[in-house]
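Analysis of the macromolecular model
Residues per chain are reported as follows:
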Amino acid sequence: MKVAVVKERRTHERRVAASPDTVKRMAAMGLGIAAESGAGESAGFTDAAFAAAGAVIVPTAEAAVGDADIVLKVQRPLIGGDGGADELHGLKRGTVLIGLLQPLQNPADVQAYAGAGISAFAMELVPRITRAQAMDALSSQANLAGYKAVIDAADEFNRAFPMMMTAAGTIKAARVLVMGAGVAGLQAIATARRLGAIVSATDVRAAAKEQVESLGATFITVDEEAARSAETAGGYAREMGEEYQRRQREKVTEALKRTDVVICTALIPGRAAPLLLTEAMVAEMAPGSVIVDLAVEAGGNVEGSRPGETVTTANGVSIIGHLNMPSRIAADASQLYARNLLSFLALIVDREGRLAIDPNDEIIKATLLTRDGAIVNPALLAIPAMAPAPVPNT
Ligand code: NAD
């Protein structure tokens, strides 16, 4: 069986879906790997490194995918109309496509996968169960995004993070507030602490308190009672009511008086990101303060943040809105994502190196979008526009 690795063609994407390490491991699984020349270049993986690991380097994407049984991607393929290349064209029927395909946000893509007879798997739909931990790409990428957000903030900040006692005087430690203490937020806390900052954090979920405190940060509790019911069965946050939001803003406004840097990471699955910092709150911050809005692509946690830009407010606060944070740390993000894919491959490839997709497996059921020309994913079929047309009564 052949696996294709191609160069990512969407803007702001420097990651690649394989690493020399995973190429070696895929070869050991009995798979043949074709990598498009330059596929790993922006992540720091050379053609020579891929070839040494066992890949065959081919000159174009078409040459890589043309006879592939499995195509590994980071971003969803460009499809005719997206401008430029049509990355779906050239895949033969029955090919397995695996990537961060964002199917719920891009239903037309899913129709196109079905139309092309492709078996498409969306990595962001991997359930967060113990067996699937090694395949959890959302976590592997969010962890690095949290780290990089703090590094970006430290770079923009015109003061130091750690306290320094020098002969020329003492520098005060920076005060960092992390809003949203999920995977990205917890790594942001740990990173800011390692840099010597004094860190506090807040989250709607009650369980976050202990995790925040175990990292040596102070937890800002908004409403203990409300926090107990703020978590869904899946471990995610619910959208909070107006009264909660008002109290949260009150508490945070108070904390902002002592804050130099804010890292915002709050998300609610399937919804717009909650607005946590209003323009009025940002206006109260001291000049030179820095905010990173990691939720900018989901609508933003910060009023006034702009996707892909760093905005400076009238009172001199920088709001960083970088797109695709994991891509800004492309080598490690690719390395971890490639390992997530490798673990996923072990689920669909048997010991003889043949495709063996068990439609009854919990992870397959959750991630498989299309098969044999039809949309098969329960989450997608629940959307009225995606359900097959009813057979007319005759
Ligand atoms: P996420 O990216 O959906 O959201 C980030 C954080 O924002 C969450 O902690 C959320 O509670 C918080 N948030 C949402 N609205 C907020 C608001 N108004 N104010 C403040 N904070 C707000 O979350 P995530 O990082 O994917 O993690 C979600 C949960 O899943 C966490 O409990 C995490 O520990 C858990 N998890 C479990 C596994 C597993 O394998 N079992 C793997 C990864 C994560």
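Residues numbered from 1 in each chain as written. Predicted model: local features only at pLDDT ≥ 70, side-chain atom pairs only at ≥ 80, totals over all residues. Heavy atoms only, no water.

Here we look at the pattern of salt bridges
For the record, the criterion: The salt bridge definition used is simple: a Lys or Arg side-chain nitrogen within 4 Å of an Asp or Glu carboxyl oxygen. Here a helix means four or more residues in a row that DSSP labels H or I, a strand means two or more in a row labelled E, and each is numbered from the N terminus. Exposure categories follow from relative accessible area, calculated using a 1.4 Å probe and restricted to protein chains: below 20% of the type maximum is buried, above 50% is exposed, and the middle band is partly exposed.
For the coordinates displayed, the defined rule picks out 25 salt bridges. Notably, a salt bridge pairs Asp152 with Arg328, separated by 2.9 Å at the nearest N-O pair. Taken together, the positions of Asp152 in helix H5 (residues 137–156) and Arg328 in the loop between strand E15 (318–320) and helix H11 (330–348) put the pair 176 residues apart, joining distant regions of the chain. The class for Asp152 is buried, based on a relative accessible area of 8%. When its relative accessible area of 32% is taken as the criterion, Arg328 is described as partly exposed. Asp203 is paired through a salt bridge with Arg205; the nearest N and O atoms lie 3.7 Å apart. Side by side, Asp203 and Arg205 carry an identical accessibility label, which is buried. Several salt bridges converge on common partners, so that one network encompasses Glu8, Lys73 and Glu87.

Section: the sheet that holds strand E3 (residues 56–58)
Note the threshold: By definition, two strands form a pair when at least two bridges between them are found by DSSP.
With respect to topology, eight strands assemble into an open sheet ordered E3-E2-E1-E4-E5-E6-E16-E17, the strand pairing being mixed. Two strands close off the open sheet at either side, each with one partner strand: E3 and strand E17 (374–375). Relative to E3, strand E2 (residues 32–36) is paired through three bridges, and the arrangement is parallel. Bridged to Glu36 within E3 is Val58.

Quick look at the packing of aromatic side chains
Test applied: Two aromatic rings, drawn from Phe, Tyr or Trp (for Trp, its six-membered ring), form a pair once their centres lie within 6.5 Å of each other, and the interplanar angle then sorts them: stacked below 30 degrees, edge-to-face above 60, tilted otherwise.
A complete count under the given rule lists three aromatic pairs for this structure. Note on Phe157 and Phe161: the rings are 5.9 Å apart at their centroids and 80° apart in plane angle, and the pair reads as edge-to-face. For the pair Phe157 and Phe161, one class covers both residues: buried.

Re the packing of H5 against H11
We apply this condition: With axes taken as lines fitted to C-alpha atoms, and helix axes fitted only over the stretch in contact, angles between N-to-C directions fall between 0 and 180 degrees. Each angle gets one of four labels, with under 35 degrees taken as roughly parallel, over 145 as roughly antiparallel, 65 to 115 as roughly perpendicular, and the rest as oblique. In this scheme the crossing of two helices becomes right-handed for a clockwise turn of the near helix relative to the far one and left-handed for an anticlockwise turn of less than a right angle. We call two residues contacting when some pair of their heavy atoms lies within 4.5 Å. Each residue gets one of three labels, nonpolar for Ala, Val, Leu, Ile, Met, Phe, Trp, Tyr, Cys and Pro, charged for Asp, Glu, Lys and Arg, and polar for the others, Gly among them.
Two elements in contact, H5 and H11, have axes whose closest approach is 9 Å; the angle formed by their N-to-C orientations is 165°. By the angle between their directions, the pair H5 and H11 is classed as roughly antiparallel. Along this stretch, H5 crosses H11, giving a crossing that reads as right-handed. Where H5 abuts H11, its residues Ala137, Ser140, Gln141 and Leu144 lie against Asp332, Ala333, Leu336, Tyr337 and Asn340. By residue class, the composition of the contact of H5 with H11 is five nonpolar, three polar and one charged.

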